[in-house]
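One letter stands for each residue in the lines below.
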Amino acid sequence: KAGVTQTPRYLIKTRGQQVTLSCSPISGHRSVSWYQQTPGQGLQFLFEYFSETQRNKGNFPGRFSGRQFSNSRSEMNVSTLELGDSALYLCASSLVLGSRGYTFGSGTRLTVV
Amino acid sequence: GNSVTQMEGPVTLSEEAFLTINCTYTATGYPSLFWYVQYPGEGLQLLLKATKADDKGSNKGFEATYRKETTSFHLEKGSVQVSDSAVYFCALSDTGNQFYFGTGTSLTVIP
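So, here's what we can say about the structure. (Residues numbered from 1 in each chain as written. Chains lettered and ligands numbered in written order. Predicted model: local features only at pLDDT ≥ 70, side-chain atom pairs only at ≥ 80, totals over all residues. Heavy atoms only, no water.)

## A short note on the overall build of chain A
Right, on to step 1. If you tally the helices and strands in chain A, you get zero helices and 11 strands.
Right, on to step 2. Seen in sequence order, chain A has helices and strands lined up from the N terminus as β-β-β-β-β-β-β-β-β-β-β.
Right, on to step 3. For a compact globule of 113 residues, the expected C-alpha radius of gyration is about 13 Å, and chain A comes in at 13 Å, within 12% of that figure.
Right, on to step 4. Summarising its shape, the C-alpha atoms of chain A cover approximately 35 × 25 × 25 Å along the three principal directions.
Right, on to step 5. The buried share among the 113 residues of chain A stands at 50%.
Right, on to step 6. By sequence separation, contacts in chain A at least 24 residues apart represent 55% of the contacts at least 6 residues apart. (Helix = DSSP H or I, 4+ residues; strand = E, 2+ residues; numbered from the N terminus. Rg over C-alpha atoms; globule rule 2.2 N^0.38 Å. Buried < 20%, exposed > 50% of the residue type's maximum accessible area, 1.4 Å probe, protein only. Contact = heavy atoms within 4.5 Å.)

Written out as structure tokens, the structure is:
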């Protein structure tokens with residue numbers, strides 16, 4: 001079966017712009033989580049969605065937002081981009097909340113210039 | 001709070017050497033523990049997991065045992081291969097289902 005699909009793979013944006021990243025989970029998976037990965041901070045949890053509702057949120061400013069659609073696909077939006085937002089953004093899906101194991105996508109590499 | 005501490009890298013080993021990557025955790029309650037692997041340019045892949053104390057997770061020759069008394073989940077492999085070169089992440093999942101990752105340990109295996 002197809003894995004977790006993230007689009008686009010690479011993105012270059014200018015400071016102050018906004019960006020939307022997309023994640024399609026494995027078919028049948030209803031939980032989608034987002035992580036930011038940087039060399040300095042490692043993997044940091046952004047948020048988790050299940051059944052179109054945000055169930056959990058990490059310690060990121062309000063510029064970071066997300067949503068989940070009825071088909072479980074999820075989008076993440078970052079507004080007013082800053083240089084420090086440059087990172088690999090990883091999406092992970094699981095069958096349900098508490099399934100104790102994510103499947104990750106390959107990520108979207110965002111570069112802010 | 002919850003946290004995961006991994007040994008600092010990078011780690012360089014010769015092919016067929018024994019590998020240990022240390023991982024200790026702090027958690028309230030009874031977390032599940034995981035090892036993920038990340039190959040260059042890729043996302044994370046689940047390598048193995050253990051959901052309760054004394055469980056041993058294993059996959060592809062890698063093993064880790066959930067030790068509640070020492071709050072550890074060390075990753076081991078008896079004989080590494082060049083293809084094992086990657087970054088390894090230890091992680092825990094608490095009862096709230098949020099994952100906490102270690103900082104990752106880079107492994108390079110040389111022929």
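Once you've had a look at it, read on.
## Observations regarding the overall build of chain B
Right, on to step 1. A tally of helices and strands in chain B yields zero helices and 12 strands.
Right, on to step 2. The linear arrangement of helices and strands in chain B, starting from the amino end, is β-β-β-β-β-β-β-β-β-β-β-β.
Right, on to step 3. A compact globule built from 111 residues should have a C-alpha radius of gyration of about 13 Å, and chain B, at 13 Å, falls within 12% of that.
Right, on to step 4. Counting only C-alpha atoms, chain B reaches 45 × 30 × 20 Å along its principal axes.
Right, on to step 5. About 5200 Å² of surface is accessible on chain B, with carbon and sulfur atoms providing 49% of the total. (Areas by Shrake-Rupley, 256 points an atom, 1.4 Å probe, with all protein chains shown as cover.)

## Quick look at the pattern of salt bridges
Right, on to step 1. Overall, the coordinates contain seven salt bridges over all chains when judged by the stated rule.
Right, on to step 2. The partner of A:Arg63 in a salt bridge is A:Asp85, with the nearest N and O atoms 2.8 Å apart. A residue pair is termed long-range when its members are at least 10 positions apart, and A:Arg63 in the loop between strand S6 (53-57) and strand S7 (64-68) and A:Asp85 in the loop between strand S8 (74-78) and strand S9 (87-94) qualify at 22 residues. With respect to class, A:Arg63 is no different from A:Asp85; both count as buried.
Right, on to step 3. Between B:Lys52 and B:Asp55 there is a salt bridge whose closest N-O contact spans 3.3 Å.
Right, on to step 4. Residues joined by salt bridges that share partners form a network here, namely A:Arg63, A:Glu82 and A:Asp85. (Salt bridge = Lys/Arg side-chain N within 4 Å of Asp/Glu carboxyl O.)

Nothing here speaks to function; it is geometry throughout.
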